[in-house]
Every structure is written in structure tokens, then in C-alpha cells.
Amino acid sequence: MTSRKNERPGSIVRRTPWPGSASRPVVSPLQASVVYAAESPDSLDAQYEGRLQGYAYAREGHPNADVLAGKIDRMEGAEGGIVLGSGMAAVGVVMLGLLDAGDHVIGSDLLYGRTLRMLREDLPRRGIRTDLVDATDAGAIESAIRPETKLILIEVVSNPTIRVADVAGIARIAHERGIRLAIDNTFTTPRGFRPFEIGADIVIHSITKLLAGHSDATLGYAAARDPADREAMAIAAATWGFTPSPFDCWLAERGLHTFDLRYERAAANAAALADHLAGLDGVRRVVYPGRADHPDHARATELVGDRYGNMLSFEIEGGRAGANALVRAMPELPFAPTLGDVGTTLSHPATSSHRGLSPEQRAGMGVSEGFFRVSVGVEEIGLLTGEFSAGVAAARAAGPAL
Ligand code: PLP
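These remarks concern the structure in this document. Source: prediction; values computed, not measured.

## Focus on the environment of Ala168
Thought 1: Examined against the element boundaries, Ala168 turns out to sit in helix α6 (residues 167–177).
Thought 2: Through-space distance from the C-alpha of Ala168 to that of Leu303 is 8.3 Å; in sequence the pair is 135 residues apart.

## Focus: the nonpolar core
Thought 1: The biggest cluster of nonpolar side chains holds 79 residues, and the ones touching the most others in it are Ile207, Leu277, Leu312, Phe314 and Phe388.
Thought 2: The greatest single-element share of this core, amounting to seven residues, is contributed by helix α10 (residues 259–278).
Thought 3: Lining this core are residues from two domains, each supplying at least three of them: domain 1 (41–256) and domain 2 (259–397).

## Observations regarding empty space enclosed by the protein
Thought 1: All told, the structure shown has three cavities of 30 Å³ or more when counted by the stated rule.
Thought 2: Considering only enclosed or pocket space, the largest cavity measures out at about 120 Å³ in volume.
Thought 3: For the largest cavity, the lining is made up of 15 residues, of which Val157, Thr188, Pro289, Tyr308 and Gly309 are closest to its centre.
Thought 4: Taken together, the residues that form the lining of the largest cavity break down as 11 nonpolar, three polar and one charged.
Thought 5: Per-domain counts for the lining of the largest cavity show at least three residues from each of domain 1 (41–256) and domain 2 (259–397).
Thought 6: Taken as a whole, the second largest cavity encloses approximately 60 Å³ of empty space.

## Some words on the site of the ligand
Thought 1: Within the structure, the ligand sits among Ser86, Gly87, Met88, Tyr112, Glu155, Asp184, Thr186, Ser206, Thr208, Lys209 and Leu219.
Thought 2: Separating an oxygen atom of the ligand from a side-chain N or O atom of Thr208 is a distance of 2.6 Å.
Thought 3: Note that an oxygen atom of the ligand is positioned 3.2 Å from one of the side-chain N or O atoms of Lys209.
Thought 4: Taken by itself the ligand offers 390 Å² of open surface, and the protein chains cover 91% of this.

## Focus on the layout of surface pockets
Thought 1: Within this model, the largest pocket holds a volume of roughly 920 Å³.
Thought 2: In terms of lining, the largest pocket is formed by 33 residues, of which the most central are Glu60, Gly61, Asp66, Ile82 and Ala234.
Thought 3: For the lining of the largest pocket, the elements supplying multiple residues, two or more each, are α1 (41–48), α2 (63–76), β1 (82–84) and α8 (227–240).
Thought 4: Here the lining of the largest pocket gets seven residues from one element, more than from any other, and that element is α8.
Thought 5: Along the lines of polarity and charge, the residues of the lining of the largest pocket split into 18 nonpolar, nine polar and six charged.
Thought 6: One number sums up the size of the second largest pocket: a volume of about 690 Å³.
Thought 7: Taken together, 31 residues line the second largest pocket, and the ones lying closest to its centre are Leu110, Asn159, His354, Leu357 and Met365.

## Some details on unusual backbone geometry
Thought 1: Of note, the amide linkage connecting Asn159 to Pro160 takes the cis form, showing an omega dihedral of 0 degrees.
Thought 2: Mapped onto the elements, Pro160 comes out in the loop between β4 (149–155) and α6.
Thought 3: One non-glycine residue, Ile162, lies in positive phi territory at about 55 degrees.
Thought 4: Mapped onto the elements, Ile162 comes out in the loop between β4 and α6.
Thought 5: When its relative accessible area of 1% is taken as the criterion, Ile162 is described as buried.

## Some details on the sheet that holds strand β10 (residues 345–347)
Thought 1: Pairing in this open sheet of four strands is antiparallel, and the strands run β8-β9-β11-β10 from one edge to the other. Each edge of the sheet is formed by a strand with only one pairing partner; in this case those strands are β8 (283–287) and β10. Each strand of the sheet is rotated relative to its neighbour by a mean of 20 degrees, with strand direction disregarded.
Thought 2: Against the sheet, α10 engages β8, β9 (311–316) and β11 (371–375), with an angle of about 10 degrees to β9.
Thought 3: Sitting on the sheet, helix α12 (residues 319–328) touches β9, β10 and β11, and the angle it makes with β9 is about 130 degrees.

Rules of the game
- Residues numbered from 1 in each chain as written.
- Predicted model: local features only at pLDDT ≥ 70, side-chain atom pairs only at ≥ 80, totals over all residues.
- Heavy atoms only, no water.
- Helix = DSSP H or I, 4+ residues; strand = E, 2+ residues; numbered from the N terminus.
- Core = buried A, V, L, I, M, F, W, Y, C linked by side-chain atoms within 4.5 Å.
- Buried < 20%, exposed > 50% of the residue type's maximum accessible area, 1.4 Å probe, protein only.
- Domains from an automatic or database assignment.
- 1 Å grid on protein atoms, 1.4 Å probe; cavity = no way out; pocket = protein on both sides within 12 Å on 5 of 7 lines; lining within 4 Å.
- Points joined across faces, edges and corners; volume = space filled by probe spheres on them.
- Nonpolar A, V, L, I, M, F, W, Y, C, P; charged D, E, K, R; others polar.
- Near = heavy atom within 4 Å.
- Polar contact = N/O pair within 3.5 Å; in protein donor to acceptor, adjacent residues only side chain to side chain.
- Areas by Shrake-Rupley, 256 points an atom, 1.4 Å probe, with all protein chains shown as cover.
- Pairing = 2+ DSSP bridges.
- Axes fitted to C-alpha atoms, helices over the stretch in contact; angles between N-to-C directions.
- Contact = heavy atoms within 4.5 Å.

Below, the structure is given as C-alpha cells:
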């Protein structure tokens, strides 16, 4: 036993110097430190002035966020993207960093629900006016432009209706009119589509979804083409505190390593499951952009080639009773309103993401009681087709015909 006689009381409180190693770890270290000790006031000064690279305080930046951001930058063909505490934090820094009271924003009327809420309620409360428009029609976007319009925000593929925006048309109009185009690329992912290549100015992601891919990290990403916009967004992120957790960044980096493989397998499964569902009695319609019967099939093919993604929707006969029976007949398949997990998840927009709308509003969007959205995962396809066949059969047996 070593003697403890000479140990000074309280010295255990001081941090132990990190052990040196001639070899380096293969895995990115998880750097949980909130604060970084500088060598001297001079060196701290040099860091803040950008003459020395270094971290000071985790809210303003930390290595796990930077490693992750650098990887997504490469995937998107971006520079200087930032990682935020959630996908909504990413939408938030774009708005807070780039807009002022008196500005006007045009958004797609089929944006993610929380983003819609931000545009409908939160921005107008702060003096930023907004209009929500059908983004499958570039002409409708153009008609909504005002002299004070500063930003157009769209998603390539809408949720859960899986409609495809006229991205090329909107990018052309935004460019001609000198208005920033922000694209939330969460659904399509950089594997399907790279917004900067079509002229977008801002790219947004909920990393929480396919990029991280395991439903265990909540994160977002935002990148801008213009260095001044990047700077403004980074300042907004540090000021408003949209900081991501180092552990979440570490998990997401790990998930990102298998992203390509997961995407390919999940997209192939989605195409096969869409065709399978379309052949089942009791399924009224299947919505998947890779199918020739999708209203935006040609536009989707132009934008994403054959990378139609892992998201599909379908509608069964039988209303709510049928929907309950379908979910109960697939007990091992998580009925959970998220997307992009490594495994398949099922959601029912009428009782989750779209419950705040009236039945008439939902009907106008095609979101009936028998409408489901599927985020297809990487399981063996036979497992999925078997489960969905059982679910649709149970719905048929339970539900009154619509
Ligand atoms: N954007 C899209 C398209 C989404 O689907 C979501 C969440 O589902 C978000 C943004 C928000 O992301 P987060 O849940 O990470 O805040």
C-alpha cells in the first residue's frame, strides 16, 4: 500500500493532468469540459482575437461540435457550418441571426409543425411578418414576395404528405430577387440532395433524424454560403445558448459513420415496402416519390435521381378503428412520432403532428384517420412486409369501410 501521509488535504480537488500518449485514440475523445484553462491572459487574448486556435467556454464552441460540424460540412459541400442543440435550434439561429423586426419571411405551408408554429406565431410576435405558401408552385412563392422579404424557407419533401417542392424554380426566383433561400434538408439528407448545388444560401438539418440515426441524440445543423451570415448565426447560437451537448455530438459522430449504409438500405426497403403496400387489399393509396403514381415523381427524379429516401405514407380504409387495429397488430414496430431511426417507426399524423388542425384542414392535406407515415429502417425487408401485411389485414377486419 502506498503511504497517504504526505498527501495534502484537498489536493484531490485539483484536476489530474491528462496522461500523455505517443499513440493517439482512434475514436474522437468525448470532451465534456465546460471551460478551458488558458496558458496566460496574453494567450487568452490571442484566442479571442483569432490569432490562436483554442476553446474558452463550451457555449461558444467545443471540439465534439466542431468535429461533427466538419463532417456534415463535407457531406453538404458547406464551409463553417455549426451544430446546435436541436433541429429547431438550427431553424432558430437562422431566424435570430439573419432577420430583424420589419423583415418578411415566406415559408412553405407544409413545413415541419414546430417550424410552422415559429413562422405563424413566434416570428410575428417579434415584428417579423410571414406568409405560408404552397412550395410545389414557384409562382405562388413569387407572388408572395414583398420589398422587405429577406428569407424563403422550404423543405424539399414535405412531412407527412411527401410532396416535393419546386426547388429549382424557387432557387431561381430567390436568386433573381436577391432573397436568401434556406432549405431544411432533414428528409432528403445530403445523400439524396445537396441544396448548395442548386443555389441555396442556407442549409438546415435536424441531425436528430437520419444523420445521427439512432434516436439517442437531439441536435441540429445550420450552414450558410455567405461568411457574414455564418458569423451572425454563430453569434446568435452563443448568445441565445443553442449549444449542443458534447455527448450528443459524440453519439451523432458515431452514428454518422454508418449513415451512407443505413441510407442505402433504408431507401431500398422503403421502395420495396411502398410497392408491397400498394398491392394489399385495404390500402387506399401509397405516397412514395419513387413510385410512378406519385404526383411529383418526375420532379423528385430530377432533384434526387433515384435516391427517393426512406419516408413513405399510406392510407388504409377503416378510419380510426382500422388505424387502432393496424397499430395493435404490429406490437414490435414502434408507434412513435419520430423519423430516421435505424429501425422502422410508424406515426399517425392525425393524432400527433397534425392534431392541432381541424378535421377539415387535415382532410384538405389528405391526412385522414387512416393515414400513416412510415420512417423505414434497415431491417430485413421480409420482416417489414410480413408485419405490414398483418397490420393491414387487422385493419380490414376491424374497421368500417370509409
Ligand atoms: N425539421 C424537420 C424537417 C423535422 O422533421 C424536424 C423534427 O422532426 C425538425 C426540423 C426539428 O428537429 P428537432 O426535433 O431535432 O428539433
